[in-house]
Amino acid sequence: MSAEWHTDWREIKITGTEKGFPAIHSPVCHTAKGTPYLCHPGVVLIGRTTTDIQGIEPFLQGFDPDLGFATYLQDPVRLDPGTQLCKTAGQLCYASFGPKRTWNRDAKRYFDNIKESGHGSVLEHANFSLLCYGVSRSVTHELVRHRHFSYSQISQRYVSGRVLRFVERPEYQQNPTLHAEFLERIDRAAADYERTVERLLEAQQAGQPLLSADMRTDLRKKVQQAARSLLPNEAEAPLVVTGNARAWRHFLEMRANVHAEIEIRALAFLVYRCLVAIEPILFEDYQVVTFPDGTFGLDTAFRKV
C-alpha cells in the first residue's frame with residue numbers, strides 16, 4: 001500500500017467527534033519487502049476532562065440567599081466539560097455566581113476576555129490526553145521539550161522488532177528519487193536490526209557477560225537495548241501526551257508556526273483539529289493560515305495566554 005503526504009491537513013478525515021473523542025488516523029504503508037511505514041501523523045484523543053458542577057450546590061447555599069448564588073446551577077445553556085470547568089474556576093475567583101454574572105450563553109465573550117487579559121491559569125484546569133503516532137524520533141525529540149506535558153512513550157528496550165515501523169518525511173514523498181531511497185533505507189535498517197538481534201542472541205547464548213541476565217525479560221531487554229542503536233531517526237516513536245488547555249495552546253502557537261519544522265507542524269495542526277472539534281470555545285480563536293510551502297499553520301490574536 002502506498003500513501004501520499006497531505007499538504008492540506010484540513011482534508012485528512014476526522015472521526016469520533018460525535019462521541020466527543022475525535023481521531024485522525026494515519027494509514028500504514030509497506031515497502032515491496034513488507035517493511036511498514038507511515039506518511040503523516042495520527043492523533044487520537046483518548047482522555048479528557050469530565051465535569052459535574054452540581055456538586056457545588058451545598059457550597060453555594062452556604063452564602064447569603066440574597067446573593068442569588070443558587071441561580072448558578074440553573075443556567076439553561078450547557079457547555080463542553082472543559083469549558084465549563086474553566087469557567088466555573090474563573091468565576092470562583094470573583095465569587096461571580098449571582099444573577100449578574102456572565103451566563104453560559106456568553107461564554108465565548110467571557111473566554112475572549114480571559115485570553116485578552118492573559119489570565120491563562122484558568123485554562124489549566126481542563127486536561128486532554130492524546131495518542132500521537134506516525135511520528136518519528138526526530139519529532140518526539142522536539143516534542144518532549146514542552147515541559148508542561150506528561151509523556152508515556154514506546155520503549156525500544158522492551159519491544160521487539162515486530163512492532164518496528166518508520167515515518168517518511170514529506171520532502172521524500174514528493175520526490176521519486178528520495179522516496180525510492182527512503183524505501184531502500186528502511187528495508188536495510190529493518191534487516192540490519194533483525195540481523196544484529198540474531199547475532200546478539202547468539203552471543204548471549206554463548207555466555208557473553210554484558211548480555212547475561214537472570215530474568216527472561218531482562219535477557220530480551222539486553223538484546224533490544226543494544227540493537228536499537230542501529231535505528232535511524234526515521235523510526236516511529238508513538239507516545240501518549242497529556243496536557244492542560246493552556247499547555248496545548250502554547251504547543252499550537254510554537255509548533256503550528258511557519259518557523260516550526262514541517263513534521264511537528266503537521267502534528268500540531270492535527271492536534272488542533274481534534275481539540276477545536278470538542279472544545280471550540282477554548283480553541284476556536286486560532287485562524288488557519290497558508291504558508292509559502294503550501295502547508296498550513298495557525299495564528300491567533302490571543303498569544304501566550
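This structure is a prediction, so every number in the text was calculated from the model and none was measured.

### Quick look at the sheet that holds strand S7 (residues 166–167)
Right, on to step 1. Taken in spatial order, the 3 strands line up as S2-S3-S7 in an open sheet, and their pairing is mixed. Two strands in the sheet have a free side with no partner beyond their single neighbour: strand S2 (28–30) and S7.
Right, on to step 2. Bridge analysis of S2 against strand S3 (residues 36–38) gives 3 bridges, and the strand direction is antiparallel. From the neighbouring strand, Val28 faces S3, where its bridge partner is Leu38.

### Here's the deal with the sheet that holds strand S8 (residues 239–244)
Right, on to step 1. Reading across from one edge, S1-S4-S5-S8-S6 is the order of the 5 strands in this open sheet, with antiparallel pairing throughout. With partners counted over all chains shown, the strands left at the sheet margins are strand S1 (23–24) and strand S6 (150–153), one partner each.
Right, on to step 2. With 6 bridges joining them, strand S4 (residues 42–48) and strand S5 (residues 127–133) adopt antiparallel strand pairing. Residue pairing for S5: Val43 is matched across the bridge by Cys132.
Right, on to step 3. The strands touched by helix H9 (residues 262–278) are S1, S4 and S5; relative to S4, the strand with the most contacts, the crossing angle is about 40°.

### A closer look at the domain arrangement of the protein chain
Right, on to step 1. By domain assignment, the protein chain separates into domain 1 (17–48 + 156–236 + 250–278 + 288–300) and domain 2 (54–123).
Right, on to step 2. Computed over C-alpha atoms only, the centres of domain 1 and domain 2 are separated by 43 Å.

### Comments concerning the packing of aromatic side chains
Right, on to step 1. The full count for this structure, using the stated rule, is 17 aromatic pairs.
Right, on to step 2. Between the aromatic rings of Trp9 and Phe269, the centroid separation amounts to 5.9 Å while the plane-to-plane angle is 50°, which identifies the pairing as tilted. Of this pair, Trp9 sits in the segment before S1 while Phe269 sits in helix H9, and the two are 260 residues apart along the sequence.
Right, on to step 3. Look at Trp9 and you get buried, because its relative accessible area is 0%.
Right, on to step 4. When the centroid spacing of 5.7 Å and the interplanar angle of 80° are considered together, the rings of Trp248 and Phe251 count as edge-to-face. Taken as a pair, Trp248 and Phe251 lie in helix H8 (residues 245–255) at a separation of 3 residues, close to a single helical turn.
Right, on to step 5. Judged by its relative accessible area of 1%, Trp248 falls in the buried class.
Right, on to step 6. Taken together, the ring pairs connect Trp9, Phe269, Tyr272, Tyr286 and Phe296 into an aromatic cluster.
Right, on to step 7. Across the ring face of Tyr110, the terminal group of Lys87 is positioned such that the distance to the ring centre comes to 6.0 Å.

### Topic: H9
Right, on to step 1. Spanning 17 residues, H9 covers 25 Å between terminal C-alpha atoms, matching the ideal 24 Å at 1.5 Å per step.
Right, on to step 2. For H9, the N-terminal capping position is held by Glu261, with its side-chain oxygen 2.9 Å away from the main-chain nitrogen of Glu263.

Parameters and conventions
- Residues numbered from 1 in each chain as written.
- Predicted model: local features only at pLDDT ≥ 70, side-chain atom pairs only at ≥ 80, totals over all residues.
- Heavy atoms only, no water.
- Pairing = 2+ DSSP bridges.
- Helix = DSSP H or I, 4+ residues; strand = E, 2+ residues; numbered from the N terminus.
- Contact = heavy atoms within 4.5 Å.
- Axes fitted to C-alpha atoms, helices over the stretch in contact; angles between N-to-C directions.
- Domains from an automatic or database assignment.
- Phe/Tyr/Trp six-rings, centres within 6.5 Å; stacked < 30°, edge-to-face > 60°.
- Buried < 20%, exposed > 50% of the residue type's maximum accessible area, 1.4 Å probe, protein only.
- Lys NZ or Arg CZ within 6 Å of the ring centre and 35° of its normal.
- Expected span 1.5 Å × (residues − 1).
- Polar contact = N/O pair within 3.5 Å; in protein donor to acceptor, adjacent residues only side chain to side chain.

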